[in-house]
Amino acid sequence: AEIPPLPIHQRSSMIDVYTANTPNGIKVPIALEELGVPYRILRIDLGANEQKRPEFLRINPNGRIPAIVDNDGPGGAPLSVFESGAILWYLAEKYPGLMPAGRQERIRALEYCFFQASGIGPMFGQARWFMRQSEQVPIAIQRYREESRRLTAVLEDRLQSVPWLAGSTYSV
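What you see is a predicted model, and the numbers here were worked out from it, not measured in a lab. (Residues numbered from 1 in each chain as written. Predicted model: local features only at pLDDT ≥ 70, side-chain atom pairs only at ≥ 80, totals over all residues. Heavy atoms only, no water.)

**What to know about the overall build of the chain**
- Assigned secondary structure in the chain consists of 5 helices and 4 strands.
- Structurally, the chain occupies a C-alpha span of about 50 × 45 × 20 Å along its principal axes.
- For the chain, with 172 residues in total, the buried portion stands at 39%.
- The long-range share in the chain, meaning contacts at least 24 apart out of those at least 6 apart in sequence, stands at 53%.
- Surface accessibility of the chain: about 10500 Å² in total, with carbon and sulfur atoms responsible for 55%.
- Charge centroids of the chain, computed over 19 positive and 18 negative side chains, lie 2 Å from each other. (Helix = DSSP H or I, 4+ residues; strand = E, 2+ residues; numbered from the N terminus. Buried < 20%, exposed > 50% of the residue type's maximum accessible area, 1.4 Å probe, protein only. Contact = heavy atoms within 4.5 Å. Areas by Shrake-Rupley, 256 points an atom, 1.4 Å probe, with all protein chains shown as cover. Lys, Arg positive; Asp, Glu negative; His and termini not counted. Charge placed at Lys NZ, Arg CZ, Asp CG, Glu CD.)

**Overview of the nonpolar core**
- Residues Ile15, Val28, Leu32, Ile68 and Leu91 are the most contacted members of the largest nonpolar core, which totals 21 residues.
- If you list the elements that add at least two residues to this core, you get β1 (15–19), α1 (27–35), α3 (84–94) and α4 (103–132).
- Of the residues forming this core, the biggest block, 6 residues, is contributed by α3.
- If you look at the next biggest cluster of nonpolar residues, it comprises 11 residues, including Phe115, Ala140, Ile141 and Tyr144. (Core = buried A, V, L, I, M, F, W, Y, C linked by side-chain atoms within 4.5 Å.)

**Some thoughts on the environment of Ser13**
- Residue placement: Ser13 occurs in the segment before β1.
- Along the backbone, Ser13 and Pro38 are 25 residues apart, and their C-alpha atoms lie at a distance of 8.1 Å.

**Re the packing of aromatic side chains**
- Inspection of every chain in the model, using the stated rule, returns 5 aromatic pairs.
- Ring geometry for Trp129 versus Phe130: centroids 5.0 Å apart, planes at 90 degrees, classification edge-to-face.
- Phe130 sits in the buried class, given a relative accessible area of 17%.
- Ring centres of Phe130 and Tyr144 lie 5.6 Å apart, and the angle between their planes is 5 degrees; this geometry places the pair in the stacked category. Taken together, the residues Phe130 in helix α4 and Tyr144 in helix α5 (residues 138–159) connect sequence positions 14 residues apart.
- These aromatic residues form a ring-pair network of at least three members: Trp129, Phe130 and Tyr144. (Phe/Tyr/Trp six-rings, centres within 6.5 Å; stacked < 30°, edge-to-face > 60°.)

**With respect to the layout of surface pockets**
- The volume enclosed by the largest pocket comes to roughly 970 Å³.
- Along its surface, the largest pocket is lined by 27 residues, and Thr22, Asn24, Ile65, Gly121 and Gly125 are the ones closest to its centre.
- Those elements that place two or more of their residues in the lining of the largest pocket are α3 and α4.
- If you tally residues by element for the lining of the largest pocket, the top one is α4, at 11 residues.
- By residue class, the composition of the lining of the largest pocket is 9 nonpolar, 13 polar and 5 charged.
- Counted as a void, the second largest pocket has a volume near 530 Å³.
- The wall of the second largest pocket is formed by 21 residues, among which Leu88, Gln116, Leu165, Ser171 and Val172 lie closest to the centre.
- Among the elements that take part in the lining of the second largest pocket, α4 stands out by supplying 7 residues, more than any other. (1 Å grid on protein atoms, 1.4 Å probe; cavity = no way out; pocket = protein on both sides within 12 Å on 5 of 7 lines; lining within 4 Å. Points joined across faces, edges and corners; volume = space filled by probe spheres on them. Nonpolar A, V, L, I, M, F, W, Y, C, P; charged D, E, K, R; others polar.)

Written as structure tokens, this is what we have:
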């Protein structure tokens, strides 16, 4: 059967968020809520492989969620951004409220944003995936569970000395 195209929406000043209800997929809507920025959720059906359709691949050539289209990007032109860390950083630079003012805290925010994108997200995702399989692979479960615990301990240790990961203020 022919797969219908993804919905095409009329241009607005709103940010279009292409996502699904996954741990990675909810990061961007949470940030937009925190910022008070108008946005529209465009649900991607991962089970139907909508993220692999040509319409979506024009927005995110990696074929993963989330992705955004800022209809009021630089110079007023639409801009697509993919990868949750890049989207969060883009939003934090465009809108006040998620980027620390001080140089040192900006660096800490960058560190922990990348820490999440390169460590926590992938390791927690792998742990969850292996633990939910009907055919259990004990060595994989042990490896990802232990790494997830180690990463959580890094966060816990940091939060013993500061109220937020970047330092004294809430940030991306």
